[in-house]
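# Structure at a glance
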Amino acid sequence: MQTLDDLNARFALEDALVFEAGGGGLLRAVVRTRACTGEAYLHGAHVTRWRPSGHDEVLWLSSLAEYRAGKAIRGGIPICFPWFAGHKPADQPDAPSHGLVRTALWRVDAAARDGDDIVLTFATDLPPYTLRYTVRFGTALDYALAVTNASATPAAFEVALHSYFSVGEIKRVEVAGLLGAAYENTVGGAGTRHTQGDAPLTFAGETDFIYATTAGCTIHDPGLSRTIEVDKRGSASTVVWNPWAGKARTMGDFGDDAWPGMLCVEPGNIAPNAVRLGPGRSHTTAGRLRVQTAGKADSHSEVVVSH
Ligand code: TA6
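Below you will find a few notes about this structure. Keep in mind the model is a prediction, meaning the values are calculated, not measured.

## Comments concerning the site of the ligand
- Every residue near the ligand is listed here: Arg74, Phe84, Ser97, His98, Arg102, His162, Asp208, Val239, Trp241, Lys247 and Glu266.
- Between the ligand and arginine 74 there is a distance of 2.9 Å, counted from an oxygen atom to a side-chain nitrogen or oxygen.
- A distance of 2.8 Å is found between an oxygen atom of the ligand and a side-chain nitrogen or oxygen belonging to glutamate 266.
- Relative to its unbound accessible area of 390 Å², the ligand is 84% covered by the protein chains.
- In terms of residue class, the shell around the ligand is built from three nonpolar, three polar and five charged.

Structure follows, in structure tokens:
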């Protein structure tokens, strides 16, 4: 296991990247550059904070998050792998929701400065897979999970980069870029199928939709006067989730009154879009976040022609 001294001796980059004991004593990387500040735990290779210069914190992190072995940190960007939600193998009925790696202890494999960016690489093994997770902290946030099938037989997995975002007031938020995309509504286990019409997604209740789309999307957040562009590659699914008041009350690490201030938009590959890898093959699922002050055009704006 990498100690704090090991990590700082091998990977610290003056004051731009240091390692320290964070919540619950779990070890974390702390990034401070002209471009941004950020942090990521070795527990789950879990990015918990990213604040590009000139903006407020972008990622939502629960004030009730628990920092301990066996528990996923509530907020930031948990990595769901090798299954999503309860899609666990039939022979592992007691396996945890969202897979095994968000509570695993990853190792730091590399750290580098690239201009004003800090690039961190985490790694872990979960046979038959080897995983490398590269996070670029800068004026954008790039996060890419490369999965390799290290066995001699084909393997299949689901993945979601379960990104929690801070928003001003969920009832005023719109998500653009999902026009016409098919989605599954999984609220209450429904599993009903729908198609996103010609209007952005808005929120008036518990929302738990798995979209089939390779396109990125944009969170329009008038409450915080900003847009968050969520671009992605190697991803054929996007999950959009807000628990609303009822479900928020069922989660001990989620404040009862915190739901209006958060939204999950999760690049992934889920269910029919699970990834199948032949022996020795690799696949990367990646997200890229950029923040703009509201009012500037974004790459997912829809031109809705009013008739
Ligand atoms: O991504 C949406 C979702 O699958 C929701 O159904 C909800 O369960 C959320 O993930 C959080 O899951 P967790 O296991 O972290 O409480």
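## Considerations on the pairing of strand E8 (residues 129–137)
- Going residue by residue along E8, you find Tyr129, Leu131, Tyr133, Val135 and Phe137 tucked away on one face and Thr130, Arg132, Thr134 and Arg136 left uncovered on the opposite face.
- Adjacent in sequence and paired antiparallel, strand E7 (residues 117–126) and E8 are bridged by two residues.
- Hairpin connection from E8 to strand E9 (residues 141–149): three residues lie between these consecutive antiparallel strands.

## Looking at the packing of aromatic side chains
- A complete count under the given rule lists 13 aromatic pairs for this structure.
- Where phenylalanine 11 meets phenylalanine 19, the ring centres are 6.5 Å apart and the plane angle is 55 degrees; that geometry is what we call tilted. The pair phenylalanine 11 / phenylalanine 19 is uniform in exposure class, with both members buried.
- Chaining the aromatic ring pairs together yields one cluster made of Trp60, Tyr164, Trp241 and Phe254.

## Description of the nonpolar core
- Phe81, Tyr133, Phe137, Leu145, Ile219 and Leu263 are the most contacted members of the largest nonpolar core, which has 73 residues in total.
- Top element by residues in this core is E8. It accounts for five residues.
- Leave out the neighbours within four places in its chain, and tyrosine 133 touches Ala45, Val47, Ile77, Ile79, Trp106, Leu120, Thr121, Phe122, Tyr143, Ala144, Leu145 and Leu161.
- Core analysis: the second largest hydrophobic core is formed by six residues, Phe84, Ala160, Val239 and Ile270 among them.

## Notes on the side chain of threonine 285
- For threonine 285, the position within the fold is in strand E23 (residues 282–293).
- A polar contact of 3.2 Å, which involves the side chain of threonine 285, links it to the side chain of asparagine 269.
- A polar contact of 3.5 Å, which involves the side chain of threonine 285, links it to the side chain of histidine 283.
- Not counting the four nearest positions on each side in its chain, threonine 285 is found in contact with Tyr143, Ala144, Leu145, Val159, Leu161, Arg233, Gly234, Ser235, Pro267, Gly268 and Asn269.

## With respect to the side chain of threonine 238
- Looking at where threonine 238 falls in the secondary structure, it is placed in strand E20 (residues 237–242).
- Judged by its relative accessible area of 3%, threonine 238 falls in the buried class.
- Not counting residues within four places of it along the chain, the set of residues in contact with threonine 238 comprises Phe209, Ile210, Tyr211, Thr213, Ala215, Lys232, Val265 and Glu266.

Definitions and cut-offs
Residues numbered from 1 in each chain as written. Predicted model: local features only at pLDDT ≥ 70, side-chain atom pairs only at ≥ 80, totals over all residues. Heavy atoms only, no water. Near = heavy atom within 4 Å. Polar contact = N/O pair within 3.5 Å; in protein donor to acceptor, adjacent residues only side chain to side chain. Areas by Shrake-Rupley, 256 points an atom, 1.4 Å probe, with all protein chains shown as cover. Nonpolar A, V, L, I, M, F, W, Y, C, P; charged D, E, K, R; others polar. Buried < 20%, exposed > 50% of the residue type's maximum accessible area, 1.4 Å probe, protein only. Helix = DSSP H or I, 4+ residues; strand = E, 2+ residues; numbered from the N terminus. Pairing = 2+ DSSP bridges. Phe/Tyr/Trp six-rings, centres within 6.5 Å; stacked < 30°, edge-to-face > 60°. Core = buried A, V, L, I, M, F, W, Y, C linked by side-chain atoms within 4.5 Å. Contact = heavy atoms within 4.5 Å.

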